[in-house]
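Summary of structural features
The lines below spell out each chain.
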Amino acid sequence: MRPALRPVPELARDLDAGELSAVELLDDCLANVAQRNDELNAMIHVDDSGAREAAEASDRRRARKEPLGPLDGIPVIIKDNIAVRALPLTCASCILGGYIPPRDATATARLRAAGAVILGKANLDEFAMGSSNEHSAFGPVRNPHDPERVPGGSSGGSCVAVAAGFAPLALGSDTGGSIRLPASWCGVVGFKPTYGRVSRSGLVAFGSSLDQIGPVARTVEGVALAFAALRGHDPADATSLPDGPDEPPEREKVRGMRIGVMRGAGDTALADDVAAATDTALRALEEVGAVLVDVELPHARYAVAAYYVIASAEASSNLARFDGVRYGYRGRGATLEELYVSTRTRGFGPEVRRRILLGTFALCAGYADEYYGRATRLRERIRGDYTRAFETVDAIVSPVAATSAFRLGERMDDPLSMYLTDALTIPASLAGLPAVSVPIPTSRLPIGLHVQGPFDCDARVLRVAAAVERELGLAAPPGGNGAAT
Amino acid sequence: MVGPEDVRRIARLAKLALEPSEAAELSKQLAGILAYVELLKEAEQEEDVPAPLAPLPSAAPPLRPDEPGEVLPRRDVLSQAPGADDETFRVPSVLEESP
């Protein structure tokens, strides 16, 4: 198998054994980008020369037997709402046109320190607002398994990049499901850590109480390796958690674990292929000795409503900084007021403007308690639901979404139907809990199993996901589409 | 509930300009979303719901010491501005705004 399609831990071993060089691995990734990016549109910026320098430096470190990082020589693609020093940062928006961040995000810096080779920036829904990756100023991203379908969003570019072998590892960000949904629909592993476990410093803020950076890779061990490099307290992020122990004192076993099964959320019925694939995954969990128990989160059916109020309210406030004064695009205006309005009206795309308006409305005098207040109270009830559920189960599994990837354009005219795509991933976001999407084998389009765990039990959700992965075998790379030869 | 006039008022607060046709379309879309958000009212009216619990256990994020740290060099920051001189961001005259 071509190196770019192999899992991170195997690549790390081969690099260490001298069977593969970082430059060879990078070249294979770049060949895949050259072959398929025009069609898939997963990349906004490819940094050939910077990546080559970093890969050569990694090979030199190995040749000279210098100390190596855990990801030394592994190419990584960064979602383009996370700062990489000296590379353009666009958030897939016209409003950041020409902006080049003067520093690395903490997550970027930690990957560099671990030896990773930064290959470029991935496409996304503008400011990470979207579930299909169709809302990008650079055009939609396409699903490598069926280019007529969406990859899921908003970290669509990151997940497509890993699925198509542009890099074995990518960073995404997840506010309501933005890593897990595209990971599910692209057949890769996407992990949203506990809120506060990975620094948000240098991630362009969307919904600050929900945003979380996380890794995407072909296997659970790949995301676990990246998470180990990313995690840790950062004084530059006021919501960053203090460092805890790396592993629970005793290694937990999935055998004997009580695992809650969440069949759905709200009134959306599961599509047949999703229901069937989920049953396969549940049987696999039973095979490895887990005890399945049905659980219900009584307030999960209200989660989408609460989420779109809270996330949009926070977005309307966070995006106030884009006014044409300090960075990016500047519109025209004889007065400062005209300058603001022209910059923002031309700079933001339709979905971002819709959310700013929704959020501004939800925070307006006279409406704030009815909308924002009610949504935050509901959020507490959802946290309460989880607290009660985790008194009797160790983890909760569900499908990631009610359907597999839909066709491009299918939900673009109906924002609400697009928002409801995230019904199963939003509850964990509102509660700040760790959750991962792990591929389940299917006959057609990829589908992921969603594993959620209690606060700070990141290692546990990864362990459950790894058990499913081992029992079911790896999901196949996109078949017969050039990358898989 | 949210008419085109409301949308225009919100847009003014958010410093966005709207085409007349846009205000009508957006008011339809926002009304649809807000009608869905009415579900939250229903959630609060459920009586058998136990009172909200304390939030999930989480360690309180520590405050960092109140000490000056490293900041970005001014030149690097100003280099990204669409209008700047050696020391400051440049914008149109603010005073011209007053009626």
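All residue numbers refer to position in the chain's written sequence, counted from 1. Written order determines the labels here, with chains lettered from A and ligands numbered from 1. With pLDDT at 70 or above as the cut-off, local features in this predicted model cover only qualifying residues; side-chain atom pairs require 80 or more to be listed or tallied, and sums for whole chains, interfaces and linings still use all residues. Side-chain figures throughout are based on the complete set of non-hydrogen atoms in the structure, without hydrogens or water.

Considering the overall build of chain B
Rules: Strands are runs of DSSP state E lasting at least 2 residues, helices are runs of H or I lasting at least 4, and numbering of each runs from the N terminus. Throughout, exposure labels follow a simple rule: accessible area from a 1.4 Å probe, protein chains only, divided by the maximum for the residue type, with under 20% read as buried, over 50% as exposed, and the rest as partly exposed. Pairs of residues are marked as contacts when any of their non-hydrogen atoms sit within 4.5 Å. Per-residue accessibility takes into account occlusion by the displayed protein chains alone, with areas from the Shrake-Rupley method and a 1.4 Å probe.
Secondary structure summary: chain B contains 4 helices and 0 strands in total. Every one of the 99 residues in chain B was classed for burial, and the buried ones make up 25%. Counting only contacts in chain B whose residues sit at least 6 apart along the sequence, the fraction spanning at least 24 positions is 13%. As displayed, chain B has an accessible area near 7000 Å², and 54% of this comes from carbon and sulfur atoms.

A short note on empty space enclosed by the protein
All names here are of chain A. Selection criterion: Buriedness of a pocket was judged along seven lines, with at least five required to meet protein on both sides within 12 Å; pockets are open sets of points on a 1 Å grid over the protein atoms alone, cavities are sets where a 1.4 Å probe fits but cannot get out, and lining residues have an atom within 4 Å of a point. Grid points are joined across faces, edges and corners, and a volume is the space filled by probe spheres set on the points. Three classes are used: nonpolar for Ala, Val, Leu, Ile, Met, Phe, Trp, Tyr, Cys and Pro, charged for Asp, Glu, Lys and Arg, and polar for all others, with Gly counted as polar.
Per the counting criterion, the structure on display carries 3 cavities of 30 Å³ or more. Taken as a whole, the largest cavity encloses approximately 60 Å³ of empty space. Forming the boundary of the largest cavity are 13 residues, of which Gly 130, Ser 131, Ser 178, Tyr 307 and Asp 422 lie nearest the centre. Broken down by class, the residue content of the lining of the largest cavity amounts to 5 nonpolar, 6 polar and 2 charged. Every residue lining the second largest cavity is listed: Asn 81, Cys 91, Phe 127, Ala 128, Ser 173, Thr 175, Leu 203, Val 204, Phe 206 and Asp 211. When its residues are assigned to classes, the lining of the second largest cavity shows 6 nonpolar, 3 polar and 1 charged.

Focus on the packing of aromatic side chains
All names here are of chain A. Which entries qualify depends on this criterion: Whether two aromatic rings pair depends on their centres lying within 6.5 Å, for rings of Phe, Tyr and Trp, where Trp uses its six-membered ring; planes under 30 degrees apart make the pair stacked, over 60 edge-to-face, and the rest tilted.
Applying the stated rule across the entire model yields 13 aromatic pairs over all chains. Plain terms: the ring middles of Phe 361 and Tyr 367 are 4.5 Å apart, the flat faces sit at 35° to each other, and that makes the pair tilted. On the basis of relative accessibility, which here comes to 2%, the residue Phe 361 falls in the buried class. Taken together, the ring pairs connect Tyr 99, Phe 127, Phe 322, Tyr 327 and Phe 348 into an aromatic cluster.

Digging into the layout of surface pockets
Each pocket or cavity is described by its volume, and for the second largest pocket that value is around 670 Å³. Each residue belonging to the lining of the second largest pocket can be placed in one class, and the counts come to 16 nonpolar, 3 polar and 5 charged.

Here's the deal with helix H2 (residues 22-40) of chain A
Residue and element names in this part refer to chain A. Stated precisely, the cut-off is as follows: Working rule for helices: expected span equals 1.5 Å times residues minus one. The bend reported for a residue corresponds to the angle between axes fitted to the seven residues ending at that residue and the seven starting there.
Between its terminal C-alpha atoms H2 stretches 25 Å, which fits the 27 Å expected from 19 residues at 1.5 Å a residue. The largest bend in H2 amounts to roughly 40° and is located at Ala 34. Residues of H2 that are buried in the fold lie against helix H1 (8-17), strand S1 (43-46), helix H3 (48-63), strand S2 (75-79), strand S3 (117-122) and helix H5 (156-163). Phi turns positive one or two residues past the end of H2, at Asn 41, with a value near 60°.

Topic: the sheet that holds strand S6 (residues 212-217) of chain A
By way of backbone hydrogen bonds, the strands of a sheet pair with one another, either parallel or antiparallel. Residues and elements named next belong to chain A. For clarity, the cut-off: Between any two strands, at least two bridges found by DSSP are needed for them to pair. Interaxial angles span 0 to 180 degrees and are taken between N-to-C directions of axes, which are lines fitted to C-alpha atoms, for helices over the stretch in contact.
Strand order across the open sheet formed by 11 strands is S1-S3-S2-S4-S6-S5-S10-S11-S9-S7-S8, with mixed pairing between neighbours. The sheet is open, and its two borders are formed by S1 and strand S8 (291-294), each paired with just one other strand. Neighbour-to-neighbour, the strand axes of this sheet turn through a mean angle of 30°, independent of strand direction. Sitting on the sheet, helix H7 (residues 220-230) touches strand S4 (169-174), strand S5 (189-192), S6 and strand S10 (435-440), and the angle it makes with S6 is about 145°.

Some details on the side chain of Ser178(A)
All names here are of chain A. Worth spelling out the cut-off: By the criterion applied in these results, polar contacts are pairs of N or O atoms within 3.5 Å in which, for protein atoms, one can donate a hydrogen and the other can accept it, and in which residues neighboring in sequence qualify only through two side-chain atoms.
As for its position among the elements, Ser 178 is in the loop between S4 and helix H6 (180-186). Since its relative accessible area comes to 5%, Ser 178 is described here as buried. Here the side chain of Ser 178 touches Ser 154 through a polar contact of 2.8 Å, side chain to side chain. The contacts of Ser 178, once residues within four sequence positions are left out, are Lys 79, Ala 128, Gly 130, Gly 153, Ser 154, Ser 155 and Ser 173.

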